[in-house]
Amino acid sequence: MKKTPKPRDTVQRLKEAIHKQPAVFAVYVALRLIVLAELVMSIIRGEYESAFICLLVLALFILPFFIQQNFGIQLPSVLEIIILLFIFAAEILGELECYFITYPNWDSMLHTTTGFLCAATGFALIDILNRNSRIKFQLSPVYVALAVGVLWEFFEFGMDRVFHLDMQKDTVVQSITSVMLDPTNSNTPITIDGIHSVAVNGTDLGFDGYLDIGLYDTMEDLFVNFIGAVTFSVIGYFYIKHRGKGKLAQAFIPTLSEDEEASLPEGDPGAPPESE
């Protein structure tokens, strides 16, 4: 990890980043202005939880620049813009504007993107580690993406259990199968089909079916996360096959800054990352 730069150095590096990546800066400013407007409106309406989310988003917007300045990592412009849009789409549009409810596939789209981005990050991590002549690291980027996806589902489950949220969205189903419905207790699965109403404590929930508590959402999230990871891994495969000349993959793979490249122990800087 690099030493924290002085404020004057940070300002100078920020100016250099703006000059090198004007598109990123334009997207950053536009999204930040929208979030600031949403923050003001949330405070006026007394919606302090929404205001907190806006503050969180503003902090997350700084994260890419922080990583680049303090860890010697260079993010491609395309990747950085996608990260900014992802944060905005998940928190502002998804949570505050209720896109997760209004558009059923919004969550799936974001999880697919997560798998793609995590695979790109894993690919870069393998690349960076393998440039060190003392380290030989073999791992598929898919594993990295799936691990992140599983940890995120753990987080959602924990938030739902502890704080009574609903991050693992429910699904209405017309059929359920469970061994708990077996009156003989012989571990025989019993299926109930054609469910069109469910009552809890005598009150009908008003759904056209049984309310599943997050299982379908969790499995769908993991599946689309896997799809995104495999998609990037295919792109990464051709990137390796052509010795790092793939322009598409380069648009998503973080790299070391020039200073960090120079400080690496002798290895084979031209060799692509190995994966299994």
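These numbers were taken from a predicted model, which means no experiment stands behind them.

(A) Structural view of helix α8 (residues 215–241). Taking 1.5 Å of rise per residue, 27 residues should cover 39 Å, and α8 covers 39 Å from first to last C-alpha, within 8% of that figure. Residues of α8 that are buried: D217, T218, D221, V224, N225, G228, A229, F232, S233, I235, G236 and Y239. Among the structural elements, α6 (106–130), α7 (141–163), β2 (171–173) and α9 (247–250) are those in contact with the buried residues of α8.

(B) Up close: the packing of α7 against α8. The contact between α7 and α8 brings their axes to 9 Å, and the two run at 160°. The pairing of α7 with α8 is recorded here as roughly antiparallel in orientation. In this structure, α7 meets α8 at a crossing whose hand is right-handed. Note on element contacts: α8 touches α7 through D217, T218, D221, L222, N225, F226, A229, V230 and S233, opposite P141, V142, A145, L146, G149, V150, E153 and E156. A breakdown of the residues in the contact of α7 with α8 according to their chemical character gives nine nonpolar, four polar and four charged.

(C) How the structure looks around the layout of surface pockets. In this model, the largest pocket occupies a volume close to 1,800 Å³. Contributing to the lining of the largest pocket are 49 residues, with L60, F86, A90, E91 and W152 lying nearest its centre. Sorting elements by how many residues they give to the lining of the largest pocket places α6 first, with 11 residues. Looking at the lining of the largest pocket residue by residue, the class counts come to 32 nonpolar, seven polar and 10 charged. By volume, the second largest pocket amounts to about 730 Å³. The set of elements that each furnish at least two residues to the lining of the second largest pocket consists of α1 (7–20), α2 (22–45), α3 (48–71), β1 (73–74), α4 (77–96), β8 (255–256) and α10 (258–263). For the lining of the second largest pocket, the residue count by class is 13 nonpolar, six polar and seven charged.

(D) Highlighting α6. With 25 residues, α6 should cover 36 Å at 1.5 Å per step; its first-to-last C-alpha distance of 36 Å lies within 8% of that length. Taking burial as the measure, the 25 residues of α6 include 18 buried ones, the bulk of the element.

(E) Spatial organisation of unusual backbone geometry. Phi is positive for N185, close to 55°, though the residue is something other than glycine. With respect to the helices and strands, N185 occurs in the loop between β3 (176–178) and β4 (190–192). Phi angles above zero are rare outside glycine, and N201 is one such case at about 55°. Mapping N201 onto the fold places it in the loop between β5 (199–200) and β6 (203–204).

(F) A look at the pattern of salt bridges. According to the stated counting rule, one finds two salt bridges in the structure shown. Linking E38 and R45 is a salt bridge whose minimum nitrogen-to-oxygen distance equals 3.6 Å. On the accessibility criterion, E38 (16% relative accessible area) is buried. Put simply, R45 and E47 hold a salt bridge, and the shortest N to O gap is 3.2 Å. Three or more residues are tied together by salt bridges with common partners; here these are E38, R45 and E47.

(G) Quick look at the environment of Y239. In this structure, Y239 sits in helix α8. With a relative accessible area of 13%, Y239 lands in the buried category. On a C-alpha basis, the gap between Y239 and Q250 in space is 8.2 Å, while along the polypeptide they are 11 residues apart.

(H) Summary view of a nonpolar patch on the surface. Taken together, the side chains of F223, F226, I227, V230, V234, Y237 and F238 make up a nonpolar region of the molecular surface, amounting to roughly 630 Å² of accessible area. Its place among the elements puts F238 in helix α8. We classify F238 as partly exposed; its relative accessible area is 42%.

Cut-offs used in this document
- Residues numbered from 1 in each chain as written.
- Predicted model: local features only at pLDDT ≥ 70, side-chain atom pairs only at ≥ 80, totals over all residues.
- Heavy atoms only, no water.
- Helix = DSSP H or I, 4+ residues; strand = E, 2+ residues; numbered from the N terminus.
- Expected span 1.5 Å × (residues − 1).
- Buried < 20%, exposed > 50% of the residue type's maximum accessible area, 1.4 Å probe, protein only.
- Contact = heavy atoms within 4.5 Å.
- Axes fitted to C-alpha atoms, helices over the stretch in contact; angles between N-to-C directions.
- Parallel < 35°, antiparallel > 145°, perpendicular 65-115°, else oblique.
- Left-handed = near helix turned anticlockwise from the far one by under 90°.
- Nonpolar A, V, L, I, M, F, W, Y, C, P; charged D, E, K, R; others polar.
- 1 Å grid on protein atoms, 1.4 Å probe; cavity = no way out; pocket = protein on both sides within 12 Å on 5 of 7 lines; lining within 4 Å.
- Points joined across faces, edges and corners; volume = space filled by probe spheres on them.
- Salt bridge = Lys/Arg side-chain N within 4 Å of Asp/Glu carboxyl O.
- Patch = residues over 30% accessible without salt bridge, like charges linked within 9 Å, V, L, I, M, F, W, Y side chains within 5 Å.
- Areas by Shrake-Rupley, 256 points an atom, 1.4 Å probe, with all protein chains shown as cover.

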